[in-house]
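Each chain is listed here by its residues.
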Amino acid sequence: MAKRQSVKSENKPQADNELQKPKGKLGVMIPGMGAVATTFVAGVEAVRKGLAKPIGSLTQMGTIRLGKRTDGRSPRIKEFVPLAGLNDLVFTGWDIFEDDMYTAARKAGVLERDLLDQVKPFLSTIKPQKAVFDHNYVKKIDGPNVKKGKSKMDLAEQVRDDIRRFRKSSGASRLITMWCGSTESYIEPTAAHQSLKAFEKALRENDEMIAPSMIYAYASLMEGVPFANGAPNLTVDLPVMLELSRQHEAPICGKDFKTGQTLMKTVLAPAFKARLLGLNGWYSTNILGNRDGEVLDDPGSFKTKEESKLGVLEHILQPSLYPELYGNIFHKVRINYYPPRGDNKEGWDNIDIFGWLGYPMQIKVDFLCRDSILAAPIVLDLVLFLDLAQRTSELRGIGIQEWLSFYFKSPMTAPGLYPEHDLFIQMMKLKNTLRHLKGEELITHLGLEYYD
Ligand SMILES: NC(=O)c1ccc[n+]([C@@H]2O[C@H](COP(=O)([O-])OP(=O)(O)OC[C@H]3O[C@@H](n4cnc5c(N)ncnc54)[C@H](O)[C@@H]3O)[C@@H](O)[C@H]2O)c1
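Procedures and definitions
- Residues numbered from 1 in each chain as written.
- Predicted model: local features only at pLDDT ≥ 70, side-chain atom pairs only at ≥ 80, totals over all residues.
- Heavy atoms only, no water.
- Helix = DSSP H or I, 4+ residues; strand = E, 2+ residues; numbered from the N terminus.
- Rg over C-alpha atoms; globule rule 2.2 N^0.38 Å.
- Contact = heavy atoms within 4.5 Å.
- Areas by Shrake-Rupley, 256 points an atom, 1.4 Å probe, with all protein chains shown as cover.
- Near = heavy atom within 4 Å.
- Polar contact = N/O pair within 3.5 Å; in protein donor to acceptor, adjacent residues only side chain to side chain.
- Nonpolar A, V, L, I, M, F, W, Y, C, P; charged D, E, K, R; others polar.
- Pairing = 2+ DSSP bridges.
- Axes fitted to C-alpha atoms, helices over the stretch in contact; angles between N-to-C directions.
- Parallel < 35°, antiparallel > 145°, perpendicular 65-115°, else oblique.
- Left-handed = near helix turned anticlockwise from the far one by under 90°.
- Expected span 1.5 Å × (residues − 1).
- Buried < 20%, exposed > 50% of the residue type's maximum accessible area, 1.4 Å probe, protein only.
- pLDDT = per-residue confidence, 0-100.
- Arc of directions from axis to C-beta.
- Salt bridge = Lys/Arg side-chain N within 4 Å of Asp/Glu carboxyl O.
- Phe/Tyr/Trp six-rings, centres within 6.5 Å; stacked < 30°, edge-to-face > 60°.
- Core = buried A, V, L, I, M, F, W, Y, C linked by side-chain atoms within 4.5 Å.

### Remarks on the overall build of the protein
- Each helix and strand in the protein was counted, giving 17 helices and 10 strands.
- For 452 residues, the compact-globule formula gives about 22 Å, and the C-alpha radius of gyration of the protein, at 22 Å, lands near that figure.
- When the backbone C-alpha atoms are referred to their principal axes, the protein occupies close to 75 × 55 × 50 Å.
- When contacts within the protein are restricted to residue pairs at least 6 apart in sequence, those whose partners lie at least 24 apart make up 76%.
- Counting every atom, the protein has about 20200 Å² of accessible surface; 53% of that belongs to carbon and sulfur.

Printed below as a string of structure tokens:
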């Protein structure tokens, strides 16, 4: 009997030699030097100094299976694809407060003083540049370190100057912008966001529908710098940004880091659907006491976060395909600002499911997590993968990097496409993208060839 052929990728694999090796330094520019940003940068420095391990980072600790299960080939991801090394990373940022990264990290209260003091010489050299800020978009905070300009276009030009200056002073050969700023108030896209022409006109006319995060995004993409959005605000999830991203071959991705409660949701919900267990209700509530929690105490910022968190179940459970199981779900998400908890959030979930013959059951999840500890490795992976995307001919011009959905609560997709939220589908998509880029066979888990 002829040997069964293993399933080959339909897509043309990219030849290995097209993946350029990184040369020189990679500059990471962070609007919003708060808890997440400082935990990320302090962590990178601690790992570089051998003080701690990069736990939670796929690029640093993850492996990827290649070929058949019997082949025994599972290299580390960072050895399989040419990623920048941690020693190549250099940093800058913008914030409305003047604190350097050491002071900001102390105030954020995520990492212990003992560890922070060991990386203090490095952290204290990173000082925030003046921010583009609009109090109407983040009502709960205000600070002195803010740019002034005649128009939003003028502010965008100033950010572009900052970027050019950093490129020069740091000697970085490549740059990435990573939004770690506060969650901005909820808005919906308008005509101003539909094309470059309309957007630039709106910048010149100080259109109120242009949020500060969009100004950083515009400036970055105009400078050919990829942009990732860690918050749920629209920012790069707009036709104008897709246009710019493609034009300047600067990849984009977002929105909203998938860290605590939503991570759990996108693990549990696919399990219910896989076993055809019904769902009546899912009540999620959180207490957190960091600055993010304070900002989210404002209804405008909360609405942006709520939309991001609510979409997940609908997309995973597909109620239109399974109306008897998921046609009538009560889904509620609450965030309560509770200062004593600081960054150590507690997220409770009460889940009402039903099984065989409609019999009800309940699941309770109580996740005592550390928000920024979960977010920091995501930031690192996104920096390294976005840089890889820009060095890869097949990815750099496509705009949205859907293969990075794995990291987001509200993943961006091509217009008209629904997002994949299931964590394991997202991981398969990410790893298959890497296999594809290296000309390796995609793994479909068919596995019939083992039984020939
Ligand atoms: N930590 C998590 O698990 C997690 C998960 C998903 C999303 N996020 C999002 O990531 C973002 C950062 O979270 P965090 O915990 O570090 O919050 P944080 O409040 O500690 O830090 C945000 C920083 O952004 C600054 N800022 C606000 N507007 C700015 C602007 N226009 N320009 C420059 N700086 C600005 C603030 O001054 C603050 O220092 C938030 O939007 C949060 O919702 C965090």
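### Structural notes on the site of the ligand
- Residues in close proximity to the ligand total 30 residues, the closest being Val36, Asp95, Val132, Gly181 and Arg291.
- At 3.4 Å from a nitrogen atom of the ligand is found a main-chain nitrogen or oxygen belonging to Gly32.
- Note that an oxygen atom of the ligand is positioned 2.7 Å from one of the backbone N or O atoms of Gly181.
- Protein contacts shield 98% of the accessible area of the ligand, which totals 840 Å² for the unbound molecule.
- When residues of the shell around the ligand are traced back to their parent elements, those giving at least two are helix 1 (35-48), strand 2 (89-95), helix 9 (212-222), helix 12 (291-295) and helix 15 (371-390).
- Its residues assigned to classes, the shell around the ligand comprises 16 nonpolar, 7 polar and 7 charged.

### Details of the sheet that holds strand 6 (residues 252-253)
- Ordered in space as 3-2-1-4-5-6, the 6 strands form an open sheet in which the pairing is parallel. Sheet topology places strand 3 (129-130) and strand 6 at the edges, where each strand pairs with a single neighbour.
- As judged from the 2 bridges shared by strand 5 (residues 227-229) and strand 6, these two strands associate in the parallel manner. Paired with Ala228 across the bridge in strand 6 is Cys253.
- Where helix 9 meets the sheet, its contacts fall on strand 1 (25-31), strand 2, strand 4 (172-179), strand 5 and strand 6, and the angle it forms with strand 5 comes to roughly 160 degrees.

### Regarding the packing of helix 7 (residues 152-170) against helix 9
- The N-to-C vectors of helix 7 and helix 9 enclose an angle of 50 degrees; their axes lie 9 Å apart at closest approach. Overall, the two elements helix 7 and helix 9 adopt an arrangement that is oblique. Here the hand of the crossing between helix 7 and helix 9 comes out right-handed. Facing Lys152, Met153, Leu155, Ala156, Val159, Arg160 and Ile163 of helix 7, the residues of helix 9 in contact are Ile215, Tyr216, Tyr218, Ala219, Ser220 and Met222.

### Digging into helix 15
- End to end, helix 15 covers 29 Å across 20 residues, agreeing with the expected 28 Å (1.5 Å per residue, within 8%).
- Across the 20 residues of helix 15, 18 count as buried, placing the element largely inside the fold.

### What to know about the confidence of the model for the protein
- Confidence in the prediction for the protein averages 92 pLDDT; 96% of positions are at 70 or higher.
- When the criterion is pLDDT under 50, residues 1-14 qualifies, and its contacts beyond four places in sequence or with other chains add up to 28 contacts.

### Description of helix 11 (residues 261-274)
- When the terminal C-alpha atoms of helix 11 are compared, their 20 Å separation across 14 residues agrees well with the 20 Å that a helix rising 1.5 Å per residue should span.
- All of the buried residues in helix 11 are Gln261, Thr262, Lys265, Thr266, Ala269, Pro270 and Phe272. All buried residues of helix 11 project into a common sector of 155 degrees when viewed along the axis, lining one side.
- Looking one or two residues past helix 11, Leu276 carries a phi angle of roughly 55 degrees, positive in sign.

### Observations regarding the pattern of salt bridges
- Evaluated as defined, the whole model comprises 17 salt bridges.
- In this structure, Lys107 engages Asp99 in a salt bridge whose closest nitrogen and oxygen atoms are separated by 3.0 Å.
- For Lys107, a relative accessible area of 58% puts it in the exposed group.
- Residue Glu402 pairs with Lys429 through a salt bridge whose shortest N-O separation is 3.4 Å. Here Glu402 is found in the loop between helix 16 (393-396) and helix 17 (423-437), whereas its partner Lys429 is found in helix 17, with 27 residues between them in sequence.
- On the accessibility criterion, Lys429 (28% relative accessible area) is partly exposed.
- The network of salt bridges with shared partners includes Arg160, Asp161, Arg164 and Glu223.

### Quick word on the sheet that holds strand 7 (residues 278-288)
- Strand order across the open sheet formed by 4 strands is 8-7-9-10, with mixed pairing between neighbours. The strands lining the two open edges of the sheet, one partner per strand, are strand 8 (330-337) and strand 10 (360-368). Averaged over all adjacent pairs, the angle separating strand axes in this sheet is 10 degrees, with direction ignored.
- Here 9 bridges tie strand 7 to strand 9 (residues 346-354), and the two strands are oriented antiparallel to one another. Pairing of Ser284 across the sheet is with Asp349, part of strand 9.

### Quick word on the packing of aromatic side chains
- In this structure the tally under the stated criterion is 9 aromatic pairs.
- Look at Tyr322 and Tyr326: their rings are 6.1 Å apart centre to centre, the planes differ by 75 degrees, and that puts the pair in the edge-to-face class.
- For Tyr322, a relative accessible area of 26% puts it in the partly exposed group.
- Taken together, Phe40, Phe91 and Phe122 form an aromatic cluster joined through their ring pairs.

### Focus on the pairing of strand 7
- The buried fraction of strand 7 is high, at 9 of 11 residues.
- As defined by bridge partners, strand 7 adjoins strand 8 across 8 bridges and the pair is classed as parallel. Among the inter-strand pairings, Leu288 is bridged to a residue of strand 8, identified as Tyr337.

### Some words on the nonpolar core
- One finds Phe40, Leu89, Phe257, Val383, Phe385, Tyr407 and Leu434 to be the most contacted residues of the largest nonpolar core, which totals 61 residues.
- Setting aside its immediate chain neighbours within four residues, Leu434 contacts Ile64, Ile77, Phe80, Val81, Phe385, Leu388 and Trp403.
- Ile96, Ile163, Ala211 and Met222 belong to the second-largest nonpolar core, a separate cluster that totals 49 residues.

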